[in-house]
Structure formats: C-alpha cells, structure tokens
Amino acid sequence: MKAFIAKHIYQYRGTRIRYDSRHLLRRVGISLFIPTFFIAFFLGLWVVRILPTYPFPWHSVTFSANSWDELQRYLQAIQYMRMLYILIGSVIFAVVCLFLCKIVFFERYLFMKQRQMIATFIIDRGLFDMEMVQKEKEKMFDFSLSNQAKAHKTVTKERITYFPKIYYEVTKDKLIRIRFPLDGRKYQDTFLTFAKTLEKTLYCDLDKVIDEEGFICYQFIYGISRDRLTIQDLVSKAGKLPLMKRVIWDFDKLPHMLISGGTGAGKSIFILSIIKGLLNGACQKEDMKICDPKNADLADLEGIFPSVYSQKNGILMATRVFKEEMLARSGEMKQMENYRTGNNYRALGLRPQFLIMDELASFIEMLDMKEKSEYISNLKQIVMLGRQAGFFLIVGLQRPDTEYLGGGIRDQFNFRVALGSNSEIGYRMMFGDVDKQFGFKTVKGFGYVDAGKGVISEFYSPYVTPEYDFLTEFQKLSFTAGEIQ
C-alpha cells in the first residue's frame, strides 16, 4: 500500500513549468544582480572610508573667503566623483559576476533556458486557456460630489484559467525528461506529437518515449555527441557491447546488426571497431567468420583470424557452415543436463558466434539464381533461429533494398545503424516510416541508430585516431579460447 501511495501520489515528476516561466532567466538575473550590486556598492563605500588620509599643513595656509569656497566646492566634487565611480564599479562588478555564474553554472543556466523556451513554446501556440475578467477599481474622491462619494472605474484583465501541468526533470545521468499531461483536454493530441519539434527547439535528441499514468514523458539527451566513445572504450560484457555511453547493443535481446552507409561513411572502420569490442570480452577470434567480397579492409584480417573469406565460394561455404553449426548447437543444447526451457546459449556457458558480412549487396550481385536462392535461405534461417543458440549476423551494405534482404530478413535485424548521408528512401528502408527529421553533420562516423528503444537517435561511431592500427592490435590477441563473459 505504501508503495502504491508513493508511486501515484508522491511521485516526483520534476519542476513545474508555469505561465510566468517565460521570464525565468530575467527574474533569476535580476535576483542575482541586485544583491551583488549592493554588496559591491557598500564594499566600495567602506574601502573609500578606510583609505588613509595624508595630513595637510592647513595652519600654514591662509585662505581668503573666495578661495575657501572654491576649496569646499572642489572637495564636494571629489565626493561626487567617488560616488559615481563606486556606482559604475558596482554595476560592472555585478555584470561580471553574472557572466562568470553563467560560465561556471552553465548546465543550470542551460536547463533554466530550456524551461523558459518550453513555456514560451506553449504560450506562443496558445496551448492554454485564458478569460477576460472585469473588476471595479476605486478612484480618488470626487470632490464635486457633496457626499464625498467614491468613484469607480471598471478594469478588464486577463486571467489564466488553465495552464497545462508540464514538468521538467534532469536525471542523475543528465537525461532531460519533459512530461506533458494526458488529461483529456483539447491540447492532448498536440502534446502527443511534440517530440520532433522539441528536438529542434531544445537542440536535443530524443532518447525514449515513456507512457506514464496521466502523462506522456519525452526523454532527451542534450549534446549527444559528448556521449561518443573511443576505440579503447569498447568492451563487451554479458552479451552487451556499448557503442556510445547510452547506446548499447544487447545482442542477446536485439540479435543481428544491420549497418548501411555509402562510400566513405566509415562503415568498414565501424565494423572493425565492433570486432575489436567483441574480442574484448565476449568471444575469441575463432568465434568469428568474416566475409569481404570486395577484398578490401576486412579481407586484410586473413592470417590474423582463422576464418576470413573474400572469394565467392568461400563466402557461400562459410555461410552454409555457420548455419549448420547453429542447427547443430540448437540440438546439443537440449541434451545438456542444465538445459531448461527458455534457456539460451549464455545460460549454458556457451560463447556467441558471429558471421560478419560487408558489402552484402555487391556479393549477391555476383551470384546466379540458384546460388542466390540458397544463400538467402541460409541467411533467413540464421536470423530466424540464431538468437537462442547464440549465432548472430553483422551485415553491412550501402542500402538495404528488399532485393537483397527480402522475405522478411530485414525485419529480423533488431539493431540498425545508418552512417553518413542517406536519401529519404534509404532512411525509410532502414527504419521504416518514423516521425523523425533526418539531417547530416560533417563529422566522421555520424549517423542514426535504432537501438530498440522505439525511437531513432543520432549516433556517433567510436572514435578511432588516424594512428590506430587495427591489424597490429588484432595480432596481439591469441587464438586461445577464453571463458565466456
């Protein structure tokens, strides 16, 4: 009962955004400026008062009446100048303090600015109710009346009758959550379609949409490029490979990765980075079959990895063997003593296996009808049956046309990354019809990802320095199988 009350009554939803939040930065700035100014002003008066005064031999000087008056005016002018300097200095000091506060507490300033922007956003679009109220206001006595009756004036004012309960929250992980009410009002449908507009307004990237009782919660990441990892950060553990700080490929739950990107988008480097990350914990070299029909970057791993193929027959054979090993493991798992219904390969202490295929479309173009039919059939069985047995596909190609990934195969790739600049059709092939405004940034490794959250987010592949040598790093790793992690 206490848990129910805590969840439904005392649940913290964030800071309420109200009508007067439209002037939030101005109010905070004034509330900081005024005390800072007075502190500086009185400090200046105190400093001037305690400044040492040097004695002057007044007794040796004779003054006429005019010269004494001039001296008094001169000293008075000095006092006025001091006061003016103190005022100007206090203003400058207060302004500098505000500027420093903005730099030091930039995140707080940013969050306040976003709250103000949301309030302005709601007000400008008229997503609230207001009514006109007439009130009688007393005027001064009308002395033309003998009984000194009071005169009244009717004043019309605006009054807010409804402003939506919008909450702004910043989590410990610096995720921004904005909650809009689902209270059945006429603005509810508008709130349900705010995600894309808020992304652009707040310069954030939508991370997740959360349905709550009475609210729709949009979770954003500000400055998602700061979540980028380096090649040294990639370490897989317990079936999970982090690709960004908040983007994790959980291949046990989201089996099979599809990577698209044109020439120069960084697709091959990204695949090499994934291989490096998987080797740092999840599997060994002998757990990977690598296919590169263009005989390019991945083909250079021949001699370092035991199973690297660049010729047509070798790739066909590798795919067929991978499927057969998957089927064989599925049967063997059921014969194990510790097998229980629903257990996957990890629960039985088995290592994951990966078939990595770059330039899939180019390879399919090499095949005749019979070879193509057999190859597509093998791929289909792997994507349909591979998850529980721990057999996963990583496929790269320029565009996932149904010509190459037909028969429902494309729908089985649960983790998708589109690198570089893609056409509108290309994005639709990758992610389907989604309410997302795609853009392009001239950053190597930039793209978009569907990480199984129900939304499409910006993505930055792990950063690889120009000096980093994949071949040298892979050669350092032995063929010895290790324990599953």
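This one's a predicted model, so the numbers in the text were calculated from it and none came from an experiment. (Residues numbered from 1 in each chain as written. Predicted model: local features only at pLDDT ≥ 70, side-chain atom pairs only at ≥ 80, totals over all residues. Heavy atoms only, no water.)

### Description of the overall build of the chain
Then, in step 1: What the chain contains, in helices and strands, is 12 helices and 17 strands.
Then, in step 2: Within the chain, the proportion of its 485 residues that are buried is 42%.
Then, in step 3: Long-range contacts, defined as pairs at least 24 residues apart, comprise 68% of the intrachain contacts of the chain with a sequence gap of at least 6.
Then, in step 4: Summing over all exposed atoms, the chain offers an accessible surface of approximately 27,400 Å²; the carbon and sulfur share of this is 55%. (Helix = DSSP H or I, 4+ residues; strand = E, 2+ residues; numbered from the N terminus. Buried < 20%, exposed > 50% of the residue type's maximum accessible area, 1.4 Å probe, protein only. Contact = heavy atoms within 4.5 Å. Areas by Shrake-Rupley, 256 points an atom, 1.4 Å probe, with all protein chains shown as cover.)

### Brief notes about unusual backbone geometry
Then, in step 1: At alanine 238, a residue that is not glycine, the phi angle is positive and equals roughly 55°.
Then, in step 2: When you line up the elements, alanine 238 lands in the loop between strand E7 (215-222) and strand E8 (240-242).
Then, in step 3: The phi torsion at asparagine 295 lies on the positive side, around 55°, for a residue other than glycine.
Then, in step 4: Within the element layout of this structure, asparagine 295 appears in the loop between strand E11 (288-291) and strand E12 (308-309).

### Some remarks on the packing of aromatic side chains
Then, in step 1: Applying the stated criterion across every chain yields a total of 37 aromatic pairs.
Then, in step 2: Between the aromatic rings of tyrosine 203 and tyrosine 222, the centroid separation amounts to 6.2 Å while the plane-to-plane angle is 70°, which identifies the pairing as edge-to-face. With a gap of 19 residues between them, tyrosine 203 in the loop between helix H6 (195-202) and strand E6 (204-212) and tyrosine 222 in strand E7 connect regions that are remote in the sequence.
Then, in step 3: Classification of tyrosine 203 by relative accessible area gives exposed; the value is 56%.
Then, in step 4: Aromatic pair phenylalanine 251 and phenylalanine 354: ring centres 5.4 Å apart, planes at 85°, arrangement edge-to-face. (Phe/Tyr/Trp six-rings, centres within 6.5 Å; stacked < 30°, edge-to-face > 60°.)

### A look at a nonpolar patch on the surface
Then, in step 1: A surface patch of nonpolar side chains, about 1,100 Å² in accessible area, is lined by Met81, Leu84, Tyr85, Ile88, Ile92, Val96, Phe99, Leu100, Ile103, Val104 and Phe105.
Then, in step 2: Among the secondary structure elements, leucine 100 is positioned in helix H3 (residues 65-104). (Patch = residues over 30% accessible without salt bridge, like charges linked within 9 Å, V, L, I, M, F, W, Y side chains within 5 Å. Salt bridge = Lys/Arg side-chain N within 4 Å of Asp/Glu carboxyl O.)

### Quick notes on the side chain of glutamate 371
Then, in step 1: Relative to the helices and strands, glutamate 371 resides in helix H10 (residues 369-389).
Then, in step 2: Assessed through its relative accessible area of 19%, glutamate 371 is described here as buried.
Then, in step 3: A distance of 3.4 Å separates polar atoms of two side chains, one belonging to glutamate 371 and the other to lysine 312.
Then, in step 4: Those residues in contact with glutamate 371, other than ones at most four positions away along the chain, are Lys312 and Leu316. (Polar contact = N/O pair within 3.5 Å; in protein donor to acceptor, adjacent residues only side chain to side chain.)

### Description of the UniProt feature "transmembrane region" (unreviewed entry) in the chain
Then, in step 1: Taking the numbering used here, the UniProt-annotated feature "transmembrane region" (unreviewed entry) corresponds to residues 28-48 and 83-105.
Then, in step 2: A helix fraction of 96% and a strand fraction of 0% characterise residues 83-105, whose end C-alpha atoms lie 32 Å from each other. (UniProt positions renumbered as here; feature names shortened; annotations may be inferred.)

### With respect to the sheet that holds E6
Then, in step 1: Spatially, the 5 strands line up as an open sheet ordered E1-E4-E5-E7-E6, and their pairing is antiparallel. Strands with a single pairing partner mark the edges of an open sheet, and in this sheet they are strand E1 (15-17) and E6. The mean inter-strand angle of the sheet, taken between neighbouring strand axes irrespective of direction, is 25°.
Then, in step 2: As paired elements, E1 and strand E4 (residues 166-170) share 3 bridges and run antiparallel to each other. Paired with arginine 16 across the two strands is tyrosine 167, which belongs to E4.
Then, in step 3: Along the sheet, helix H4 (residues 106-124) makes contact with E1, E4, strand E5 (175-181), E6 and E7, crossing E4 at roughly 160°.
Then, in step 4: Here H6 sits on the sheet in contact with E5, E6 and E7, set at roughly 35° to E7. (Pairing = 2+ DSSP bridges. Axes fitted to C-alpha atoms, helices over the stretch in contact; angles between N-to-C directions.)

### Considering the UniProt feature "binding site: ATP" (unreviewed entry) in the chain
Then, in step 1: Per the UniProt record, the feature "binding site: ATP" (unreviewed entry) sits at Gly261, Gly262, Thr263, Gly264, Ala265, Gly266, Lys267 and Ser268.
Then, in step 2: Here glycine 262 shows up in the loop between strand E10 (257-260) and helix H7 (267-279).
Then, in step 3: When residues no more than four places from it in sequence are discounted, the contact partners of glycine 262 are Lys267, Gln398 and Leu419.
Then, in step 4: Note that serine 268 resides in helix H7.

### Here we look at empty space enclosed by the protein
Then, in step 1: If you walk through the whole model with that rule in mind, you get 1 cavity of 30 Å³ or more.
Then, in step 2: Lining the largest cavity are Asp207, Ile221, Ile224, Arg246, Val247, Val449, Ala451, Lys453, Val455 and Ser457.
Then, in step 3: Tallied by class, the residues present in the lining of the largest cavity amount to 6 nonpolar, 1 polar and 3 charged. (1 Å grid on protein atoms, 1.4 Å probe; cavity = no way out; pocket = protein on both sides within 12 Å on 5 of 7 lines; lining within 4 Å. Points joined across faces, edges and corners; volume = space filled by probe spheres on them. Nonpolar A, V, L, I, M, F, W, Y, C, P; charged D, E, K, R; others polar.)

### Some words on the sheet that holds strand E16 (residues 446-450)
Then, in step 1: Spatially, E12-E11-E13-E14-E10-E15-E16-E17 is the arrangement adopted by the 8 strands of the open sheet, whose pairing is mixed. On the outer flanks of this sheet lie E12 and strand E17 (456-460), each paired with one strand and no other.
Then, in step 2: Examined bridge by bridge, E10 and strand E14 (residues 391-397) share 4 bridges and lie parallel to one another. What sits directly across from serine 260, in E14, is leucine 397.
Then, in step 3: Across the sheet, H7 is in contact with E10, E11, strand E13 (353-357), E14, strand E15 (415-419) and E17; its angle to E10 comes to roughly 155°.
Then, in step 4: H10 rests against E13 and E14 of the sheet, and its axis sits at about 130° to E14.

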